[in-house]
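# What the coordinates show
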Amino acid sequence: MKGKAGAPDPSLYLWWIGTETAADDLIEGVRGHVGRVFGMTTRVWHGRERPPHAFDPKRNQYSSTRILEWLLEAGPGTPHKILAMTDLDLFIPVLTFVFGEAQLGGRAAIVSTARLEAAPVPVRGGRLLAARVAKEAAHELGHAFGLVHCELMRCVMSRSSSLLEVDAKGGGLCHDCWTRYLDLRENPGGSHV
Ligand SMILES: [Zn+2]
Ligand SMILES: [Zn+2]
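Throughout, residues of each chain are indexed from 1 in the direction in which the sequence is written. Whichever chain is written first becomes A and whichever ligand is written first becomes 1, with later ones labelled in order. Restriction of local features to residues with pLDDT of at least 70 applies here, the model being predicted, together with a cutoff of 80 or more for giving and counting side-chain atom pairs; totals for whole chains, interfaces and linings are based on all residues. In computing side-chain properties, one takes all heavy atoms of the structure into account and sets aside hydrogens as well as water.

## Section: the sheet that holds strand β4 (residues 61-63)
This is how it is decided: Between any two strands, pairing holds if DSSP finds at least two bridges. Helix and strand assignments follow DSSP, with helices taken as H or I runs no shorter than four residues and strands as E runs no shorter than two, numbered in order from the N terminus. Contact criterion: two residues are considered in contact whenever any of their non-hydrogen atoms come within 4.5 Å of each other. Here an axis means a line fitted to C-alpha atoms, over the contact stretch when the element is a helix, while the angle between two N-to-C directions is reported on a 0 to 180 degree scale.
Read across the open sheet, the 3 strands follow the order β3-β4-β6; overall the sheet is mixed. With one partner strand each, in any of the chains shown, β3 (55-56) and β6 (90-91) form the two edges of the open sheet. Note: β4 against β6, 2 bridges, orientation parallel. Along β6, the bridge assignment pairs Ser63 with Phe91. Strands β3, β4 and β6 of the sheet are contacted by helix α2 (residues 64-74), whose axis makes an angle of about 50° with β4.

## Let's talk about the sheet that holds strand β8 (residues 108-112)
Across the sheet, which stays open at both edges, the 5 strands sit in the order β2-β1-β5-β8-β7 with mixed pairing between neighbours. Of all the strands in the sheet, the pair left with one neighbour each is β2 (42-44) and β7 (100-102). Neighbouring strand axes in the sheet, compared pairwise and without regard to direction, differ in orientation by 20° on average. In this structure, strand β1 (residues 12-16) lies alongside β2, joined through 3 bridges in parallel fashion. By the bridge assignment, Tyr13 is partnered in β2 with Arg43. Running over the sheet, α2 touches β1, β5 (81-86), β7 and β8 and is turned about 130° from β8. Against the sheet, helix α3 (residues 127-144) contacts β1, β5, β7 and β8, and its axis sits at roughly 160° relative to β8.

## Quick word on the coordination of the zinc ion (ligand 2)
Here is the rule: Donor selection uses N, O and S atoms within 2.8 Å of the metal (3.2 Å for Na, K and Ca). Since no water is included, sites may look incomplete. Think of it in three bands: with a 1.4 Å probe and only protein chains considered, a residue is buried below 20% of the maximum accessible area for its type, exposed above 50%, and partly exposed in between.
Here the zinc ion (ligand 2) is held by Cys150 (SG), Cys155 (SG), Cys174 (SG) and Cys177 (SG), and the distances to it run 2.3 to 2.4 Å. With relative accessibility at 1%, the residue Cys177 sits in the buried group.

## Considerations on the coordination of the zinc ion (ligand 1)
Protein coordination at the zinc ion (ligand 1): the donors are His139 (NE2), His143 (NE2) and His149 (NE2), at 2.0 to 2.1 Å from the metal. Along the chain, the residues that donate to the zinc ion (ligand 1) are spaced as H-x3-H-x5-H. Here His143 falls in the buried class, since its relative accessible area comes to 12%. We classify His149 as partly exposed; its relative accessible area is 33%.

## Quick notes on the pattern of salt bridges
Side-chain pairs of opposite charge can arise whenever the charged atoms involved come near each other. Test applied: In what follows, salt bridge is the name for a side-chain nitrogen of Lys or Arg lying within 4 Å of a carboxyl oxygen of Asp or Glu.
Across all of its chains, the model carries 4 salt bridges by this definition. Between Lys169 and Glu136 there is a salt bridge, with the nearest N and O atoms lying 3.1 Å from each other. Of the two residues, Lys169 sits in the loop between α4 (163-168) and α5 (175-186) while Glu136 sits in helix α3, which places them 33 residues apart along the sequence. There is no split in this pair, since Lys169 and Glu136 are both buried.

## Observations regarding the nonpolar core
Convention followed: Here, nonpolar core means buried Ala, Val, Leu, Ile, Met, Phe, Trp, Tyr and Cys residues that are tied together by side-chain atoms lying within 4.5 Å of each other.
Counting 36 residues, the largest nonpolar core has Val34, Phe38, Met85 and Leu173 as the members making the most contacts within it. Those elements that place two or more of their residues in this core are β1, α1 (24-38), β5, β8, α3, α4 and α5.

## As for the pairing of β1
Applicable threshold: Consider the strands pointing away from the viewer: the crossover is right-handed when the path from the first strand over the helix to the second runs clockwise.
Most of β1 is tucked away: 5 of the 5 residues are buried. Going residue by residue along β1, you find Leu12, Leu14 and Trp16 tucked away on one face and Tyr13 and Trp15 tucked away on the opposite face as well. The parallel pair β1 and β2 is bridged by α1, and the resulting crossover is right-handed. Where β1 lies against β5, 5 bridges are found, and the strand directions are parallel. In the strand pairing of β5, Trp15 is matched with Ala84.

## Points about α5
Applicable threshold: Working rule for helices: expected span equals 1.5 Å times residues minus one. The arc in question is the one traced by the directions running from the helix axis out to the C-beta atoms.
Taking 1.5 Å of rise per residue, 12 residues should cover 16 Å, and α5 covers 17 Å from first to last C-alpha, within 8% of that figure. Three or more residues of α5 are buried, namely Cys177, Tyr181, Leu184 and Arg185. One side of α5 carries all its buried residues, which in axial view fall inside an arc of 95°.

See below:
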């Protein structure tokens, strides 16, 4: 868990890049959660820029992949990780929508509230939304740290493509994923997947 001598310690930054004003308690909730899950100091990045060129008029959605590329240029530099939070409806070409996306073993991740506060129950501003966003944020960050999907439902790295699956899964890493995470942090760029 310690940084190598001479190298700056990687930090984790949270950046709200939504259209509406950020809900402070939502961001604080996510910050606290991912900080605990990954045992890292987590700070808020207060950039006012917003991603250009991410909107796809044919789909009326935003390309999460393009936003991730932009985050690397606009956000905190290497070696820091950046988790963007947004209210934009995100997609990748092969899927109708995504809750979020991350670069596997990279620096950038994003999570959106757009589909997490959807029906059946309106949860805007509620604790259920906060719990969902915290889980998906931790999940995408896990990918950014190099973790792949986990078979265990209680593990936050289990795959979830519906709200039911998001609500059913746990918020933390299982023992195996935690061990793998520690290994990946000590040996970033190593072939440990
Ligand atoms: Zn995933
Ligand atoms: Zn796991």
